[in-house]
Amino acid sequence: MKKLPFFFIFTLAIIAIGCSSEDENLWEDYAEWRDANDTWVNEQKERLNENGEKYYTTLVPSWDPSQFILIHYFNDRMLTANNPSPYYTSTVDVKYIGWLYNDESFDSSYGNTASYGDSLYRTKCNNVIQGWTVALEDMHIGDSCEVIIPYTMAYGAQTSGSILPYSALRFHIKLVDIPYYEVKEN
């Protein structure tokens, strides 16, 4: 019985050593890509529109003030201000297109056909990358926006399909509906 804890600790130590060297290699292997993505996000953060104002608004999640996403609304938000806005646990119907920082498209809902509507993607706000969660909770039904998500709020050091580790992402998102909307009791 005493051999089991030693074996368990030894195995965990081997796994930890293997993982840390893999993480270090990944960090080094993708240094150029990561730096290019970080530079692009910082450029977007400083981007100005025609009248000299910031193009994007910076949204900081309440749960981690060191993180952020950038968001630019295409519609007049005064027109959607009274529309429902999703909660963290809400189910939402959205239309979207996603690009890497270099304008390479990697995903889109526009090819989707579903019983609840063509081109729609249905998901829960808490079942997507953190950057999407922050954006969706800021939106109202009818809002259409562009979102820049740094890799720390996206997939981080993980690969996801054609998305490389340390990839910043850009999305056009339209919040179409909040099926099963929960009414907040006062």
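Computed from a prediction, not measured in an experiment: that's the story for all the values here.

Glancing now at a negative patch on the surface. Taken together, the side chains of Asp23, Glu24, Glu28 and Asp29 make up a negatively charged region of the molecular surface. Positionally, aspartate 23 belongs in helix α1 (residues 3-29). By relative accessible area, which is 48% here, aspartate 23 ends up partly exposed.

Let's shift gears to the confidence of the model for the protein. In low-pLDDT segments, the atomic positions of the prediction should not be examined closely. Here the protein averages 89 in pLDDT, and 85% of its residues register 70 or above. Confidence over residues 6-20 falls short of pLDDT 50; this stretch has 0 contacts with residues more than four positions distant or in other chains.

All right, on to the pairing of strand β4 (residues 105-108) then. In summary, the side chains of a regular strand alternate between the two faces of the sheet. Two strands pair when backbone bridges link them, and strand β3 (residues 91-100) and β4 are joined in this way by 3 bridges, in the antiparallel orientation. Within β4, the position partnered with glycine 98 by the bridge is aspartate 107. Connecting β3 to the antiparallel partner β4 that follows it, the hairpin turn spans 4 residues, and aspartate 103 within it adopts a positive phi of roughly 70°.

Over its 16 residues, helix α2 (residues 31-46) extends 23 Å from the first C-alpha to the last, a length consistent with the 22 Å expected when each residue adds 1.5 Å. Every buried residue of α2 is listed here: Trp33, Arg34, Asn37, Trp40, Val41 and Gln44. Down the axis of α2, the sector holding all buried residues measures 130°, keeping them to one side.

We now examine helix α3 (residues 130-138). Regarding α3, the residues found buried are Gly131, Trp132, Thr133, Val134, Ala135 and Leu136. Buried positions along α3 lie against β1 (57-59), β2 (69-73), β3, β5 (121-124), β6 (144-149) and β7 (169-177).

Turning our eyes to something else, we now look at the nonpolar core. Within the largest apolar cluster, 30 residues are counted, with the highest numbers of intra-cluster contacts made by Trp132, Ile149, Phe171 and Ile173. Looking at this core, the elements that each hand over two or more residues are β2, β3, α3, β6 and β7. Setting aside anything within four residues of it in sequence, one finds isoleucine 149 in contact with Ile69, Ile129, Gly131, Trp132, Ala154, Ser167, Ala168, Leu169 and Phe171. Core analysis: the second largest hydrophobic core is formed by 8 residues, Trp40, Leu70, Ile148 and Ala168 among them.

Here the focus is the side chain of serine 109. Tracing the sequence through the fold places serine 109 in the loop between β4 and β5. Here tyrosine 96 takes part through its backbone nitrogen, which lies 2.9 Å from a polar atom of the side chain of serine 109. Here the side chain of serine 109 touches serine 119 through a polar contact of 2.8 Å, landing on its backbone oxygen. In this view, serine 109 contacts Val94, Lys95, Tyr96, Ser119, Leu120 and Tyr121; residues no more than four positions away in its chain are not counted.

Definitions and limits used
Residues numbered from 1 in each chain as written. Predicted model: local features only at pLDDT ≥ 70, side-chain atom pairs only at ≥ 80, totals over all residues. Heavy atoms only, no water. Patch = residues over 30% accessible without salt bridge, like charges linked within 9 Å, V, L, I, M, F, W, Y side chains within 5 Å. Areas by Shrake-Rupley, 256 points an atom, 1.4 Å probe, with all protein chains shown as cover. Salt bridge = Lys/Arg side-chain N within 4 Å of Asp/Glu carboxyl O. Lys, Arg positive; Asp, Glu negative; His and termini not counted. Charge placed at Lys NZ, Arg CZ, Asp CG, Glu CD. Helix = DSSP H or I, 4+ residues; strand = E, 2+ residues; numbered from the N terminus. Buried < 20%, exposed > 50% of the residue type's maximum accessible area, 1.4 Å probe, protein only. pLDDT = per-residue confidence, 0-100. Contact = heavy atoms within 4.5 Å. Pairing = 2+ DSSP bridges. Expected span 1.5 Å × (residues − 1). Arc of directions from axis to C-beta. Core = buried A, V, L, I, M, F, W, Y, C linked by side-chain atoms within 4.5 Å. Polar contact = N/O pair within 3.5 Å; in protein donor to acceptor, adjacent residues only side chain to side chain.

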